[in-house]
Amino acid sequence: MKKQLILVIDDVMDNLQLFGKLLEPLKVDISFASSARKALDILESLAPDLIVLDIIMPEMDGFELCEMLKKKESTKDIPIIFLSAKDNMEDIMKGFTLGARDYITKPFMQEELTARVSTQLDIRAKELKLRELNKNLEKMVADRTAELSEKKEKLAEYSTTLEILLENRDKDRKRIEKRIIDNVCDTVLPTINKLKETALDNRQIMLLNQSIQNLQDIVSPLMSNLNNTLGLYGFTSAELNIIKHIIKGLQSSEISEALNLSESTVNFHRNNIRSKLSLKNKRVNLYIYLNQLTSKEL
């Protein structure tokens with residue numbers, strides 16, 4: 001484990017040697033400076049864990065040096081203990097006001113010096129450890145934030161991709177549905193209509209109706225409503241309105257009353273409906289046929 005470093009600043013060489021001897025029990029590294037200027041030079045390359053600072057020095061005294069160090073970013077957090085013969089309360093308060101952690105007046109006992117220095121070194125070690133922990137925590141938070149941000153971006157990409165896939169799938173489904181309906185309209189219905197124009201016996205009519213019903217089962221899920229379904233046959237809106245009532249089981253007289261039409265008009269439309277459905281055989285019940293055709297989808 002790396003030893004802690006103390007910088008002792010005093011312009012009296014004998015005092016520097018004495019401090020070095022007194023601090024030996026602490027098992028720390030000690031650097032010495034005989035003036036404020038030399039101390040500033042040392043602090044350009046070293047970062048001590050504690051500064052023990054005399055006040056009475058030529059050129060720049062301890063108070064001035066302390067004030068300068070507390071203004072510099074690189075040295076402002078280094079704890080300072082003043083060590084001086086100036087023992088009046090005004091000087092002691094000034095030392096603390098400038099940012100010193102402690103103030104030891106001369107003369108002093110070795111035990112007092114080592115105890116106070118040891119306390120500040122312990123506090124400094126805890127401060128640096130806490131600073132490192134905070135730094136690591138900030139890095140963890142930053143890394144986690146970056147990770148979450150990356151996952152959020154990927155999730156947004158996946159969501160966009162999924163939306164595109166679903167949109168394309170919906171477009172493909174609609175194209176397939178349209179193709180099926182077009183094939184029914186262009187190929188199947190004309191064939192059915194031709195069959196209806198031929199003379200069919202009851203069994204053939206039943207088979208044809210069953211085929212129409214099967215076709216309706218396939219096509220009806222692709223239709224949005226009854227108008228779309230019956231629209232394949234080219235019914236007018238008036239005819240579609242009457243068809244809805246026929247499917248409900250209403251007779252011509254009832255439809256006439258419900259729609260406020262003459263019964264002859266209703267029958268006229270019924271004949272047109274049968275004609276468009278190619279129901280030339282009068283024996284085919286229009287009510288049953290329409291219900292089979294539409295699967296009762298009203």
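Residues numbered from 1 in each chain as written. Predicted model: local features only at pLDDT ≥ 70, side-chain atom pairs only at ≥ 80, totals over all residues. Heavy atoms only, no water.

Talk me through helix α3 (residues 62-71); I want residue IDs and the actual numbers.
Of all the residues in α3, the buried ones are G62, F63, L65, C66 and L69. Angular distribution of buried residues about the axis of α3 spans 160 degrees; they occupy a single face of the element. Where α3 is buried, its residues contact β1 (5-9), α2 (36-43), β3 (50-53), β4 (80-84) and α4 (89-97). (Buried < 20%, exposed > 50% of the residue type's maximum accessible area, 1.4 Å probe, protein only. Helix = DSSP H or I, 4+ residues; strand = E, 2+ residues; numbered from the N terminus. Arc of directions from axis to C-beta. Contact = heavy atoms within 4.5 Å.)

Describe in detail the nonpolar core, supporting the description with residues and values.
Judged by nonpolar contacts, the single largest core of 24 residues is most densely connected at L7, I9, I51, L53, L65, L69 and F82. At the level of secondary structure, the elements contributing two or more residues to this core comprise β1, α2, β3, α3 and β4. In this view, I9 contacts L16, A33, S35, A39, I51, V52, L53, D54, M57 and L65; residues no more than four positions away in its chain are not counted. One finds L208, F235, V284 and Y289 within the second-largest nonpolar core, a separate group that totals 22 residues. (Core = buried A, V, L, I, M, F, W, Y, C linked by side-chain atoms within 4.5 Å.)

Go over the packing of aromatic side chains, please, and point to the residues and values.
Applying the stated rule across the entire model yields three aromatic pairs. Residues F82 and Y103 carry aromatic rings whose centres are separated by 5.9 Å and whose planes lie at 50 degrees to one another, so their mutual orientation is tilted. With F82 in strand β4 and Y103 in strand β5 (residues 102-105), this pair connects stretches of sequence that are 21 residues apart. F82 gets classed as buried once you look at its relative accessible area, which sits at 0%. Accessibility expressed as a relative area gives 5% for Y103, which makes it buried. (Phe/Tyr/Trp six-rings, centres within 6.5 Å; stacked < 30°, edge-to-face > 60°.)

How would you explain the pattern of salt bridges if you had to name every residue and give the values?
Within this structure, the stated rule accounts for 15 salt bridges. Across the salt bridge formed by E44 and K72, the nearest N and O atoms sit 3.4 Å from each other. Of the two residues, E44 sits in the loop between α2 and β3 while K72 sits in the loop between α3 and β4, which places them 28 residues apart along the sequence. A salt bridge links D122 to K126, with the shortest nitrogen-to-oxygen separation between them at 2.9 Å. Here the residue D122 and the residue K126 both occupy positions in helix α5 (residues 110-197), the gap between them amounting to four residues, near one helical turn. In this structure, a network of salt bridges that share partners links the residues D102, E112 and R116. (Salt bridge = Lys/Arg side-chain N within 4 Å of Asp/Glu carboxyl O.)

Give me the lowdown on the sheet that holds β1, citing residues and values where you can.
In spatial order, the strands read β2-β1-β3-β4-β5; together these five strands make up an open sheet with parallel pairing. On the outer flanks of this sheet lie β2 (29-33) and β5, each paired with one strand and no other. Ignoring strand direction, the axes of neighbouring strands in this sheet form an average angle of 20 degrees. In this structure, β3 lies alongside β4, joined through three bridges in parallel fashion. (Pairing = 2+ DSSP bridges. Axes fitted to C-alpha atoms, helices over the stretch in contact; angles between N-to-C directions.)

Give a description of a nonpolar patch on the surface that names residues and reports values.
On the surface, a cluster of nonpolar side chains totalling about 300 Å² of accessible area is made up of L137, M140 and V141. Inspection of the secondary structure puts M140 in helix α5. (Patch = residues over 30% accessible without salt bridge, like charges linked within 9 Å, V, L, I, M, F, W, Y side chains within 5 Å. Areas by Shrake-Rupley, 256 points an atom, 1.4 Å probe, with all protein chains shown as cover.)

Lay out unusual backbone geometry with the relevant residues and their values.
Most of the time, phi is negative for any residue but glycine, and the peptide bond is trans. Across the junction of K106 and P107, the peptide omega takes the value -5 degrees, indicating a cis bond. Mapped onto the secondary structure, P107 falls in the loop between β5 and α5. A positive phi is found at K27, a non-glycine position, where the angle reads about 55 degrees. With respect to the helices and strands, K27 occurs in the loop between α1 (13-22) and β2. By relative accessible area, K27 is classed as exposed at 64%.

So what's going on with the side chain of D54? Residues and values would help.
Relative to the helices and strands, D54 resides in the loop between β3 and α3. K106 provides the closest opposite charge to the buried, unpaired D54, separated from it by 4.1 Å. Setting aside chain neighbours within four positions, we find D54 in contact with I9, D10, D11, G62, L83, S84 and K106. (Lys, Arg positive; Asp, Glu negative; His and termini not counted.)

Functional significance is not addressed by these values, which are geometric in nature.
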